[in-house]
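Below are the chains, spelled out letter by letter.
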Amino acid sequence: MSNASKKKQFGMNIGSASILLVFVILCLVSFAVLSIVSANADSKLSNRVLERTTAYYDACNQAEQSLAGMDKTLQRIYASSDSEDAYFASVGHGKSYVIPISDLQSLQVTIEILYPQTDEDTFYRITAWQVLNIDELQ
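Remember, it's a predicted structure, so these values are computed and weren't measured experimentally. Sequence positions are assigned chain by chain, starting from 1 and proceeding in written order. It should be noted that, the model being predicted, local features are given only for residues of pLDDT at least 70 and side-chain atom pairs only at 80 or more, the latter also being counted only at that level, while totals for whole chains, interfaces and linings use all residues. Computation of side-chain values covers all heavy atoms of the structure but excludes hydrogens and water.

Visitor: I keep staring at the packing of aromatic side chains and nothing clicks. Help me out?
Guide: Note on aromatic pairs: each is described by the distance of the centres and the angle between the planes. By convention, a stacked pair of Phe, Tyr or Trp rings (six-membered ring in the case of Trp) has centres within 6.5 Å and planes under 30 degrees apart, an edge-to-face pair has planes over 60 apart, and any other such pair is tilted. Per the stated rule, a full pass over the model turns up 7 aromatic pairs. On the basis of an interplanar angle of 75° and a centroid distance of 5.1 Å, the ring pair of Tyr56 and Tyr57 is categorised as edge-to-face. Exposure is judged per residue with a 1.4 Å probe applied to protein chains only, and the accessible area is read against the type maximum: over 50% gives exposed, under 20% gives buried, and values in between give partly exposed. Residue class for Tyr57 comes out partly exposed when judged on its relative accessible area of 49%. With a centroid separation of 5.6 Å and 65° between ring planes, the pair formed by Tyr78 and Phe123 is classed as edge-to-face. Taken together, the positions of Tyr78 in helix H1 (residues 2–80) and Phe123 in the loop between strand S2 (105–113) and strand S3 (124–133) put the pair 45 residues apart, joining distant regions of the chain. With a relative accessible area of 11%, Phe123 lands in the buried category. In DSSP terms, a helix is any run of H or I states spanning at least four residues, a strand is any run of E spanning at least two, and both are numbered starting from the N terminus.

Visitor: Whenever I open this one, helix H2 (residues 84–91) confuses me. Can you help?
Guide: Helical geometry note: an α-helix holds 3.6 residues per turn, so side chains three or four residues apart project in the same direction. Those residues of H2 that sit buried are Tyr87, Phe88 and Val91. Taken around the axis of H2, the buried residues stretch over an arc of 90°, which confines them to a single face. Projecting away from the buried face of H2 at angles above 90 degrees are the exposed residues Asp85, Ala89 and Ser90. The positive-phi residue at the C-terminal boundary of H2 is Gly92, with phi of around 85°. In this description, the arc belongs to the directions extending from the helix axis to the C-beta atoms.

Visitor: Got a minute to help me understand the environment of Pro116 in this structure?
Guide: Looking at the secondary structure, you find Pro116 in the loop between S2 and S3. Separated by 32 residues in the primary sequence, Pro116 and Glu84 have C-alpha atoms spaced 9.2 Å apart. Residues are treated as being in contact if the distance between any of their heavy atoms lies within 4.5 Å. In contact with Pro116, other than residues within four places in its own chain, are Tyr78, Asp121, Thr122 and Phe123.

Visitor: Help me understand the sheet that holds S3, please; the structure alone is not making it clear to me.
Guide: Sheet strands associate in pairs through backbone hydrogen bonding, adopting either a parallel or an antiparallel arrangement. When DSSP finds two or more bridges between a pair of strands, those strands are recorded as paired. Taken together, 3 strands build an open sheet; the order of strands is S1-S2-S3 and the sheet is antiparallel. A strand with exactly one partner marks an edge of an open sheet, and here the two such strands are strand S1 (94–100) and S3. With direction set aside, neighbouring strand axes in the sheet form an average angle of 15°. Here S2 runs beside S3; their pairing, made up of 9 bridges, is antiparallel. When the bridges of S3 are listed, Leu107 appears paired with Val131. Only the contacting stretch of a helix is used when fitting its axis, a line to C-alpha atoms as for every element, and angles between N-to-C directions run 0 to 180 degrees.

Visitor: Just checking my understanding: could you explain the environment of Thr122 for this structure?
Guide: Within the element layout of this structure, Thr122 appears in the loop between S2 and S3. For the pair Thr122 and Asp71, spaced 51 residues apart in sequence, the C-alpha separation works out to 8.5 Å. Contacts described as polar in this section are N or O atom pairs within 3.5 Å, which, within protein, must combine one atom able to donate a hydrogen with one able to accept it, while residues neighboring in sequence count only if both atoms come from side chains. Within the structure, the side chain of Thr122 is placed 3.1 Å from the backbone oxygen of Tyr124, a separation counted as a polar contact.

Below, the structure is given as structure tokens:
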């Protein structure tokens, strides 16, 4: 009888070790799957952030180019105008640019046009440089 009980006990130990091994493997597989899913979600989020950041800086570059063109135009009009009143009659007192970033956002740049008193003075001052939401998110 002692041999039979030893075999039974020995078989029980192998079974519990196998169950523990299966449980550990299932835990490792589930953690691996969770890691892959999390990495995939992070990758998609990073790509969306990259696209949005690139679109924002593209809009900023367009705004800077518009401002450079405006600066040349204001300089030309300033040189050809006889007085401050004639200058402001030609150019107005302010301008605003709206440059699309995406379907939902745009960049708005607002400038105040100045009359330079000295050669070092600028022709405009930026009063607003902001991202506007075109449409509300649902």
